[in-house]
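Structural characterization, general
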Amino acid sequence: MRYFQEEIETMPREQLRGLQSKKLVQQVKHVYEHVPYYRSLMEKKGVTPDDIHGVEDLYKLPFLSKADLRETYPYGMLAVPLADCVRIHSTSGTTGKRVIAYYTQKDIDLWEDCCARAIVAAGGSKEDVVQVCYGYGLFTGGSGLHGGSHKVGCLTLPMSSGNTERQIQFLMDLKSTIICCTPSYAAYIGEALKERGYKPEDNSLKAGIFGAEPWTEEMRRDIEKSLGIKAYDIYGLTETSGPGVAFECSEQKGMHINEDHFIAEIIDPDTGEVLPDGEKGELVFTSLDKEAFPLLRYRTRDICVLSRKQCSCGRTHVRMAKPMGRSDDMMIIRGVNVFPSQIETVLLNEGYAPNYRIEVDRVNNSDTLDVYVELLPEQFTDTVSGITKMERRLQEAIKIMLGISPVVHLVAPKTIARSEGKAVRVIDKRKLHD
Ligand code: ADP
Ligand code: ZN
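Notes on the structure follow. Note that residues are indexed from 1 along each chain, following the sequence as it is written. To read the labels, note that chains go from A and ligands from 1, taken in the order they are written. Side-chain atom pairs in this predicted model are given and counted only at pLDDT of 80 or more, local residue features only at pLDDT of at least 70, and totals for whole chains, interfaces and linings cover all residues. With hydrogens and water set aside, each side-chain value is computed from the structure's full complement of heavy atoms.

A short note on empty space enclosed by the protein
Using a 1 Å grid laid over the protein atoms alone, points where a 1.4 Å probe fits but cannot get out form a cavity; open sets with protein on both sides within 12 Å along at least 5 of 7 lines form a pocket; any residue with an atom within 4 Å of a point counts as lining. Grid points are joined across faces, edges and corners, and a volume is the space filled by probe spheres set on the points. Using the criterion set out here, one finds 4 cavities of 30 Å³ or more in the structure. A volume near 110 Å³ is recorded for the largest cavity. Lining the largest cavity are 17 residues; nearest its centre among them are Leu110, Ser241, His261, Phe262 and Lys290. Helix and strand labels come from DSSP, where a helix needs a run of H or I of at least four residues and a strand needs a run of E of at least two; each type is numbered from the N terminus. Those elements that provide at least two residues to the lining of the largest cavity are helix H5 (105-121) and strand S8 (242-248). Per-element tally for the lining of the largest cavity: the top contributor is H5, with 5 residues. The residue inventory of the lining of the largest cavity, partitioned by class, reads 7 nonpolar, 6 polar and 4 charged. Considered as a void within the structure, the second largest cavity measures approximately 40 Å³ in volume. Class assignment for the residues of the lining of the second largest cavity results in 8 nonpolar, 1 polar and no charged. Each residue gets one label: Ala, Val, Leu, Ile, Met, Phe, Trp, Tyr, Cys and Pro are nonpolar, Asp, Glu, Lys and Arg are charged, and the others, such as Gly, are polar.

Observations concerning the nonpolar core
Counting residues in each nonpolar core, the largest one holds 71 residues, and the members touching the most others are Tyr38, Met77, Tyr235, Ile257, Leu283, Phe285 and Met320. Among the elements that make up this core, the one with the highest residue count is H5 (8 residues). Contacts are assigned to residue pairs with any non-hydrogen atoms lying within 4.5 Å of each other. Ignoring any residue separated from it by four or fewer positions in sequence, one finds Tyr235 in contact with Gly242, Pro243, Gly244, Val245, Ala246, Met255, Leu283, Phe285, Thr300, Asp302, Met320 and Pro323. Buried Ala, Val, Leu, Ile, Met, Phe, Trp, Tyr and Cys residues form a nonpolar core when they are joined through side-chain atoms within 4.5 Å. For the exposure calls, accessible area comes from a 1.4 Å probe over protein chains only, and a residue counts as buried if that area is under 20% of its type's maximum, exposed if over 50%, partly exposed in between. Judged by nonpolar contacts, the second largest core, of 24 residues, contains Met172, Cys181, Ala186 and Leu227.

A few points about the packing of aromatic side chains
By convention, a stacked pair of Phe, Tyr or Trp rings (six-membered ring in the case of Trp) has centres within 6.5 Å and planes under 30 degrees apart, an edge-to-face pair has planes over 60 apart, and any other such pair is tilted. In the structure shown here, the tally under the stated rule is 8 aromatic pairs. These aromatic residues form a ring-pair network of at least three members: Tyr75, Tyr102 and Phe293. Above the ring of Phe63, the side-chain terminus of Arg299 is found at 5.5 Å from the ring centroid. Each ring is checked for a lysine NZ or an arginine CZ that lies within 6 Å of its centre and within 35 degrees of its normal; such an atom marks a charge sitting over the ring. Above the ring of Trp215, the side-chain terminus of Lys322 is found at 3.8 Å from the ring centroid.

As for the pairing of strand S10 (residues 262-267)
When you tally the buried positions in S10, you get 6 out of 6 residues, the bulk of the element. Residues Phe262, Ala264 and Ile266 line one face of S10 and the alternating positions Ile263, Glu265 and Ile267 line the opposite face, and both faces are buried. Note that S10 and strand S11 (residues 281-287) share 6 bridges and pair antiparallel. In the sheet register, Ile267 faces S11, and the bridge partner there is Glu282. By the convention used here, strands pair only if DSSP detects at least 2 bridges between them.

Written as structure tokens, this is what we have:
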């Protein structure tokens, strides 16, 4: 099985654009008629559904942002009678007040199809045993992959996150072949397996589907080595249903966006201007099929690049590069833009594990950057001079990457908290003083 929905996943681009245009015209009408909040945004911009004839008119529509969703909390974006909804989910609240999303049965169905496409792209079929250790509940990760796994016909283990001892027991005893969780939890499971004396080839895993947080290529190699698998990226957000908006194929060069359900644009985050393919900017999604919570031109704040280069896997849908993180993850330290992912790249390249914490503060009007990095047991030495030497080396490597110098603190193994869901790696104390 190469594709879950071959005809759609490999549809010629022109036909795909025609399909998007047709759906867009209907979707704009649906929203205009049923969501007074968005209708008033359209009125303010002087645009009506009659102005939208296809994808080429998308730019005329107003943007939506997380602030709009907070303002309309809980049901201000509802576009169908509440009685037609069957479920809600909510964001993890990583960056503030939670946002609620609501789904009709059809919304759930299409979302699960997207997750099924991702599982098949990672080599999944009905022969597979899929261990879902994303959180179940309000978070979309667990339910999304769970539903997708059912659709593919895999044996599904609804583990949820946490209880690592039990994860390992089931993984080994039930011979899981595909594991789904956050990359930081995958790294932790890899570490836990090693501690129990298992080698990467002792488990039956062949693939992992990891997402919900930014992770670097270096982290991918680390996880692939420690679990003995191929690690695939998956992307999504609650506002667009959940994971599965985009997923990696065996090429592993960017994630195919499910363009039959979503139109993707890249904009300049400051001016809102649409940027050409290949330029880096903020990702914006328009959902074409969602009934209950149909967001048009939703600004994700995720910074990335799109590529329409043909992919050897046969899928025609546009690919998005790994998001570097959200625009609001970016820290400005002493005037320099810093993404946590840049620091992660250096740490892993220097042979450290992805267990770290970044602390930013302002002392005497000057920004400070402290990076706490955990030593691996085999790196641990108790000579002070040895540690100092390693700290200096890492400091220098980070300085070369960022252009500013951090203070590096190497700390003893097991002293930095592990994450079972989305990892919290940055503490910006400047925000606390404001
Ligand atoms: P919250 O906004 O509270 O974290 P969500 O659970 O909806 O709520 O998270 C969606 C966000 O998670 C995305 O906007 C993106 O920033 C991040 N994300 C999801 N998947 C990936 C991925 N594969 N790579 C990088 N970031 C991701
Ligand atoms: Zn591909």
